[in-house]
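Spelled out, the chains give:
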Amino acid sequence: MKLDALFTPFVLRGLTLSNRIVMAPMTRSFSPAGVPGANVAAYYRRRAEGGVGLIVTEGTYIPHHAAGFDPKVPHMYGEDALAGWRRVVADVHAAGGKIFSQLWHVGTQGDHAGAVGASASVAEIAAIVQAFGAAARNAQDCGFDGVEIHGAHGYLVDQFFWDR
């Protein structure tokens, strides 16, 4: 197996990555009240300094009342949270890295009063689609290089693909 390819640049829709090493998203719950602080910026910056070509952030809640219920998961909405993400992005870019935000709605996996799943009303689903769009705009305004929509592990997007 030729491993050299991992360390060669890669162009993804006009975005040039320094290599093909991608850091997968990992929910960490280190953002009290949904606000990523200096510790979060340092965490992602260290990965960029270490040579990761593309970082995908932990899941970030979209601006919807039932997106998620962990008070320490970061938000992709609200001025304090967005200011924190701007710092994260600036630090990653200063270290030569690229970064995508993972947008997340837990759906009924939240197992919480007020959780919303794939069987919600058409109006509720339309509001969630709008919230994903607003979060993507916020990520773009913060300077992220792209977004990923979390569509696995039984969370909301994935719930549309299940019979139950």
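These notes cover the structure that comes with them. (Residues numbered from 1 in each chain as written. Predicted model: local features only at pLDDT ≥ 70, side-chain atom pairs only at ≥ 80, totals over all residues. Heavy atoms only, no water.)

### Things to note about the packing of helix 1 (residues 38–49) against helix 2 (residues 79–94)
So, point 1. At a minimum axis separation of 8 Å, helix 1 and helix 2 run at an interaxial angle of 25 degrees. When the axes of helix 1 and helix 2 are compared, the pair comes out roughly parallel. Two packed elements cross with a definite hand, and for helix 1 against helix 2 that hand is right-handed. Contacts between helix 1 and helix 2 involve Ala-38, Val-40, Ala-41, Tyr-44, Arg-45 and Ala-48 from the first element and Trp-85, Arg-87, Val-88, Asp-91 and Val-92 from the second. (Axes fitted to C-alpha atoms, helices over the stretch in contact; angles between N-to-C directions. Helix = DSSP H or I, 4+ residues; strand = E, 2+ residues; numbered from the N terminus. Parallel < 35°, antiparallel > 145°, perpendicular 65-115°, else oblique. Left-handed = near helix turned anticlockwise from the far one by under 90°. Contact = heavy atoms within 4.5 Å.)

### Observations concerning the pattern of salt bridges
A side chain with one charge may pair with a side chain of the opposite charge, provided their charged atoms come close.
So, point 1. As enumerated under the stated definition, the model contains 2 salt bridges in all.
So, point 2. Salt-bridge contacts for Asp-91 lead to Arg-45; the nearest nitrogen and oxygen are separated by 3.4 Å. With Asp-91 in helix 2 and Arg-45 in helix 1, this residue pair connects regions lying 46 residues apart in the sequence.
So, point 3. Residue Arg-45 is classed as partly exposed on the basis of its relative accessible area of 27%.
So, point 4. Linked by salt bridges that have partners in common, Arg-45, Glu-49 and Asp-91 make up one network. (Salt bridge = Lys/Arg side-chain N within 4 Å of Asp/Glu carboxyl O. Buried < 20%, exposed > 50% of the residue type's maximum accessible area, 1.4 Å probe, protein only.)

### A few points about the packing of aromatic side chains
So, point 1. Counted by the stated rule, this structure contains 5 aromatic pairs.
So, point 2. Here Tyr-43 and Tyr-44 contribute two aromatic rings whose centre-to-centre distance is 5.0 Å and whose plane-to-plane angle is 75 degrees, an arrangement assigned as edge-to-face. Here Tyr-43 matches Tyr-44 in class, with each residue buried.
So, point 3. Here the aromatic cluster, defined as three or more aromatic residues joined through ring pairs, consists of Tyr-43, Tyr-44, Trp-85 and Phe-144.
So, point 4. A cation sits over an aromatic face here: Arg-28 above Tyr-43, 3.5 Å from the ring centre. (Phe/Tyr/Trp six-rings, centres within 6.5 Å; stacked < 30°, edge-to-face > 60°. Lys NZ or Arg CZ within 6 Å of the ring centre and 35° of its normal.)

### Considerations on the side chain of Asn-19
So, point 1. Within the secondary structure, Asn-19 is located in the loop between strand 2 (15–17) and strand 3 (22–23).
So, point 2. Take Asn-19: its relative accessible area is 8%, and that puts it in the buried class.
So, point 3. Of note is the side chain of Asn-19, whose polar atom sits 3.0 Å from the backbone nitrogen of Gly-53.
So, point 4. Apart from residues lying up to four places away in sequence, Asn-19 is in contact with Leu-6, Phe-7, Thr-8, Pro-9, Phe-10, Gly-51, Val-52 and Gly-53. (Polar contact = N/O pair within 3.5 Å; in protein donor to acceptor, adjacent residues only side chain to side chain.)

### Some points on the nonpolar core
The tendency in soluble globular proteins is for nonpolar side chains to be buried side by side.
So, point 1. Tyr-44, Ile-55, Ile-62, Met-76, Val-88, Ile-99 and Phe-144 are the most contacted members of the largest nonpolar core, which has 34 residues in total.
So, point 2. Those elements that place two or more of their residues in this core are helix 1, strand 4 (54–61), helix 2, strand 5 (98–104) and helix 3 (122–142).
So, point 3. In terms of residue count, the dominant contributor to this core is helix 3 (7 residues).
So, point 4. The contacts of Ile-62, once residues within four sequence positions are left out, are Ala-67, Tyr-77, Leu-103, Trp-104, His-105, Ile-128, Ala-131, Phe-132 and Ala-135.
So, point 5. Residues Leu-15, Leu-17, Leu-54 and Val-56 belong to the second largest nonpolar core, which totals 5 residues. (Core = buried A, V, L, I, M, F, W, Y, C linked by side-chain atoms within 4.5 Å.)

### Comments concerning helix 2
So, point 1. Compared with the 22 Å implied by 1.5 Å per residue over 16 residues, the 22 Å span of helix 2 between its first and last C-alpha is a close match.
So, point 2. Within helix 2 the residues assigned to the buried category are Ala-81, Leu-82, Gly-84, Trp-85, Val-88, Val-89, Asp-91 and Val-92.
So, point 3. For helix 2, the secondary structure elements touched by its buried residues are helix 1, strand 4, strand 5 and helix 3.
So, point 4. Within two residues after helix 2, Gly-96 carries a phi angle of roughly 90 degrees, on the positive side. (Expected span 1.5 Å × (residues − 1).)

### A word on unusual backbone geometry
So, point 1. With a phi close to 45 degrees, Arg-13 is a non-glycine residue in the positive phi region.
So, point 2. With respect to the secondary-structure elements, Arg-13 resides in the loop between strand 1 (10–12) and strand 2.
So, point 3. With relative accessibility at 86%, the residue Arg-13 sits in the exposed group.
So, point 4. Even without being glycine, Ser-29 reaches a positive phi, approximately 55 degrees.
So, point 5. Note that Ser-29 resides in the loop between strand 3 and helix 1.

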